[in-house]
Amino acid sequence: MSTNTEVAQIFYAMADLLDLQGERFKPDAYRRAARSVESLGEDLRKVAQRGGLDQIPGVGEQLREKILEYIRTGRISAYEKLRATFPPGVLELMAIPGIGPKTTGRFYTELHLDSPAALAQAIDQGRLNGLAGFGPKKIENLREALRAVAAAPPSSRIPLLAAWRLARSILQELSRRTPVDALEIAGSVRRCRENCGDLDLLATSARPPETIAVFAGLAGVRKVVMQGDTRATVIHDPGIQIDLRVVEPVSFGAAWQYFTGSKDHNIHLRTLARDAGLKINEYGVFRGEKRVAGATEADVYDAMDMQWMYPEIRENQGEIELAQQKKIPSLIQIEQIRGDLHRHIPDAPDRSWMKDLVTEARRWKFQYLGLVEAPGGSAASHRSRIQEIRRLWNEAQPEGLRLHLGWEVVLGKMMDPPDPESLFDYIISVPDKKGSAISPKPPTSPLLRRPLFVGHLSLGAPGAEVPREAAGPWIDWAQTNGVALELTAAGAEEGLDAGGARWAHEAGVVLVLSAGAGALSEIELTVCRARRGWVPPDGVLNSRADAVGATAPKVSKPKRPPRVGRTERRGPAAGERTDP
DNA sequence: GCCGTTTTCGGCCCGACTGTTTTCAGTCG
Ligand SMILES: Nc1nc2c(ncn2[C@H]2C[C@H](O)[C@@H](COP(=O)(O)OP(=O)(O)OP(=O)(O)O)O2)c(=O)[nH]1
Ligand SMILES: [Mg+2]
Ligand SMILES: [Mg+2]
């Protein structure tokens, strides 16, 4: 875990404990700070070093000191104290869906229940019967919630691709069986978070109750958690929560804005509205009783004198202020990616491999493909393999596609002559892992060769979260040396994440977007990651038709020192969709 | 605990659904 995640986890736990103590606003303050720290691109230690902790939304004097204490000592004494006031099991109790701080507190003080197991036993013994406010239905619901939590860990999130797949099938089925006008994805799936807690869907319908009934009755629905006139929540195979919200067309934009979030983005927006004498909810923007906007998202933001913005950046990380200044940046789009520059050539390249590759490249309307050889190897062997690659390439008849050949070179390693470099169009530098699988450090010696970019950063263990402190040295090094960095989709190796991408390009580091170790189609996920990192088209080397062959990427002048809050950039490019 | 072109004190987003209540608290999105 990175420092950021560790601090966030502690703040979340403190919020729950403060909630149990009956505190009114502190718990939300702690949770807000936790969310901010969690989604921050930059390593907390670095932020602390330059005295920027106060800039983090929701972090003031007290929480800043607690973060500093954690960085210094690895613990937060206020947390240790707070934690000692309750048995550890009560937080598990509060984590059960439907059981909040009030219920947990009463169970603990009135019945001395300090864990899910204790609650289960108390229910079986009938000790909840007669407890004020606990009728038979509530007790049955508790029983079921305990069963469900015991059966499946509630915290697992689903990958974006799986969420998209599920969403497509649900939307198709719904629109086939009920008269909906609009049907859209919302929530974290629309914001393209890499892992989503649930699926949030929005519909406008001439007959909302019917639409909701059809939704609740879909074939894959395991359990209807709740069902009203405007919304329903179900658990769908294989155990994924789906929320459907239904509104009238006149409120569609406001509802989409609300349901897309993020929560902190919504709260910020609604607070600004209130300060301006307006009210925003999922039905519209209101001045008194009068609805002044609501049909489209753009109308809602416009009513606040703000620019519409892409869902991917609605994380309360400075986008609200930029929208007010009409300076929302343009973001890289998949259509602007001209090719993948990091496809490895297999040990035995054959016709079907090449055919699939070319087909996929056409699907994404690429102009080139960069096929890459692994480090080492003799000039003679590379020469014969390249000959074979060219033969297969021509055989595949890749009209409209150019072939570029790349070679990976380990940073700082010398080669015996004859050097194969002249056989290739470009060099990809890869870190010297020196035996350890993760977190290599950037070289301290001068660059022996000029790479097109640095790839295979491997900052974290496969599938694991990347420690922020691992990305920092590489971003600094890339900035100093004017070298581009690769950005890939999550996969076997973890390089830069969205936060790291934002940090990098705001430091003026050019990025190369590639699919990574998986299928070429995962380039789509890489683009999502870049967009969540606020990366504009001109921050991406392979958005250029001449990425290879032109001079090595220059470092653009740093936009500003990386920090939370303002940036300076242009609005969306002409022709870019504004309300997709 | 945070925060400020209306505030350094006094606010803190706003609403749906459920179960239990004779008017609403708790939980969740
Ligand atoms: N105004 C407001 N909107 C909220 C609140 N909680 C959730 N929302 C909105 C914004 C969220 O993106 C949207 C869906 O809620 P979810 O709990 O599913 O969150 P989200 O999809 O963002 O993240 P997830 O991956 O599901 O954990 O509902 C809230 O407390 N206030
Ligand atoms: Mg969600
Ligand atoms: Mg949801």
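Cut-offs used in this document
- Within any chain, residue numbers begin from 1 and follow the written order of that chain's sequence.
- Here every chain gets a letter starting at A, and every ligand a number starting at 1, in the order they are written.
- Given that this is a predicted model, residues contribute local features only at a pLDDT of at least 70 and side-chain atom pairs are listed and counted only at 80 or more, while totals for whole chains, interfaces and linings are drawn from all residues.
- The basis for the side-chain values is all heavy atoms of the structure; hydrogens and waters are excluded.
- In this text, near means that some heavy atom of the residue lies within 4 Å of the molecule or strand in question.
- Here a polar contact means two N or O atoms within 3.5 Å. Within protein one must be a hydrogen donor candidate and the other an acceptor candidate, and residues neighboring in sequence count only if both atoms are side-chain atoms.
- To qualify as a helix, a DSSP run of H or I must reach at least 4 residues; to qualify as a strand, a run of E must reach at least 2; elements of each kind are numbered from the N terminus.
- Amino acids are sorted into nonpolar (Ala, Val, Leu, Ile, Met, Phe, Trp, Tyr, Cys and Pro), charged (Asp, Glu, Lys and Arg) and polar (every other residue, Gly among them).
- The rule for donors is simple: an N, O or S atom within 2.8 Å of the metal counts, and for Na, K and Ca the reach is 3.2 Å. Water is not among the atoms, so a site may look short of donors.
- To sort residues, take the accessible area from a 1.4 Å probe on protein chains only and compare it with the maximum for the residue type: under 20% means buried, over 50% means exposed, and anything in between is partly exposed.
- Between any two strands, pairing holds if DSSP finds at least two bridges.
- Axis definition: a line fitted to C-alpha atoms, limited for helices to the stretch in contact. Angles are taken between N-to-C directions and run from 0 to 180 degrees.
- Here, two residues are considered to be in contact whenever any of their heavy atoms come within 4.5 Å of each other.
- In this description, a nonpolar core means a group of buried Ala, Val, Leu, Ile, Met, Phe, Trp, Tyr and Cys residues linked to one another through side-chain atoms lying within 4.5 Å.
- Computed with a 1.4 Å probe, the accessible areas rest on the Shrake-Rupley method; for each residue, only the protein chains presented here act as cover.
- An automatic or database domain assignment is the source of the domain bounds shown.
- Put simply, buried area is the surface a 1.4 Å probe can reach on two separate parts but cannot reach once they are joined, added for both.
- Salt bridge criterion: a side-chain nitrogen from Lys or Arg within 4 Å of a carboxyl oxygen from Asp or Glu.

Peer 1: Describe the protein's contact with DNA strand B, naming the residues involved and giving the relevant values.
Peer 2: Lining the immediate surroundings of DNA strand B are 47 residues, of which Gly60, Gly98, Thr103, Gly135 and Arg274 lie closest. Backbone atoms, meaning sugar plus phosphate, form 78% of the atoms of DNA strand B positioned within 4 Å of the protein. In the environment of DNA strand B, a phosphate oxygen lies 2.9 Å from a nitrogen or oxygen atom belonging to the backbone of Asp229. Counting only elements with at least two residues in the surface near DNA strand B, the list comes to α2 (26-38), α4 (61-73), α7 (101-111), α9 (136-151), β5 (221-227), β7 (240-247), α14 (263-275) and β8 (279-281). If you tally residues by element for the surface near DNA strand B, the top one is α14, at five residues. The residue inventory of the surface near DNA strand B, partitioned by class, reads 16 nonpolar, 15 polar and 16 charged.

Peer 1: Any chance you could break down the coordination of the magnesium ion (ligand 3) for me, citing the residues and the numbers?
Peer 2: For the magnesium ion (ligand 3), the protein coordination sphere consists of Asp198 (OD), Asp200 (OD) and Asp243 (OD), at 2.0 to 2.2 Å. For the magnesium ion (ligand 3), the single-chain donor residues occur in sequence as D-x1-D-x42-D. Classification of Asp198 as buried rests on a relative accessible area of 15%.

Peer 1: Tell me about the sheet that holds strand β6 (residues 231-236), and name the residues and values.
Peer 2: Pairing is mixed across the open sheet formed by five strands, whose spatial order is β2-β4-β7-β6-β5. The open sheet has two edge strands with one neighbour each: β2 (180-186) and β5. Sheet twist, expressed as the mean angle between neighbouring strand axes with direction ignored, is 20°. Across six bridges, strand β4 (residues 199-205) lies against β7 in parallel orientation. Its bridge partner being in β7, Leu201 is matched across the sheet by Leu244. Packed on one face of the sheet, helix α10 (residues 160-177) meets β2, β4, β6 and β7 and runs near 170° to β2.

Peer 1: Describe the nonpolar core, and please don't skip the residues or the numbers.
Peer 2: Ranked by size, the top nonpolar core spans 51 residues in total, and within it Phe366, Leu371, Leu485, Leu496 and Leu513 carry the most contacts. In contact with Leu371, not counting residues within four places along its chain, are Arg343, Ile345, Trp353, Met354, Leu357, Ile389, Leu403, His404, Leu405, Gly406 and Tyr426.

Peer 1: Outline the site of ligand 1, listing residues and values.
Peer 2: Surrounding ligand 1, one finds 15 residues, the nearest of these being Arg157, Ser188, Gly197, Asp198 and Asp200. A distance of 2.5 Å is found between an oxygen atom of ligand 1 and a side-chain nitrogen or oxygen belonging to Ser188. In this structure, Gly197 approaches ligand 1 through a main-chain N or O atom, which is 2.8 Å from an oxygen atom. Its free accessible area being 590 Å², ligand 1 has 72% of it covered by the protein chains. Of all the elements in the fold, those that place two or more residues in the shell around ligand 1 are α11 (187-190), α13 (252-260) and α14. Of the residues that constitute the shell around ligand 1, the class distribution is three nonpolar, six polar and six charged.

Peer 1: Can you explain the domain arrangement of chain A? Please cite residues and give values.
Peer 2: Taken domain by domain, chain A consists of domain 1 (3-151), domain 2 (156-329 + 562-580) and domain 3 (334-558). On the side of domain 3, seven residues touch domain 1, which itself brings 10 residues to the contact. For the domain 1 and domain 3 pair, buried surface summed over both sides reaches about 660 Å², with 44% attributable to carbon and sulfur atoms. Across the pair Asp476 and Lys46 runs a salt bridge, and its minimum N-O distance is 2.7 Å. Where domain 1 meets domain 3, there are one residue pair in polar contact (both at pLDDT 80 or more). Of all the secondary-structure elements, those providing two or more residues to the side of domain 1 that touches domain 3 are α1 (3-20) and α3 (44-49). Here the side of domain 1 that touches domain 3 gets three residues from one element, more than from any other, and that element is α1.

Peer 1: Lay out the pairing of strand β10 (residues 290-293) in plain terms, naming residues and giving numbers.
Peer 2: As paired elements, strand β9 (residues 284-287) and β10 share three bridges and run antiparallel to each other. Bridge pairing links Val285 to Ala293 in β10. What sits between the antiparallel neighbours β9 and β10 is a turn of two residues, in which Gly288 has the positive phi angle 65°.

Peer 1: Just give me the short version of unusual backbone geometry, but keep the residues and values in it.
Peer 2: The phi torsion of most residues other than glycine is negative, and most of the peptide bonds are trans. A cis geometry characterises the amide bond from Asp237 onward to Pro238, with omega recorded as -5°. Tracing the chain through its elements places Pro238 in the loop between β6 and β7. With an omega dihedral of 0°, the bond running from Gly261 to Ser262 counts as a cis peptide bond. With phi around 55°, Lys365 is a residue other than glycine that occupies positive phi space. Mapping Lys365 onto the fold places it in the loop between α17 (351-363) and β12 (368-373). Take Lys365: its relative accessible area is 68%, and that puts it in the exposed class.

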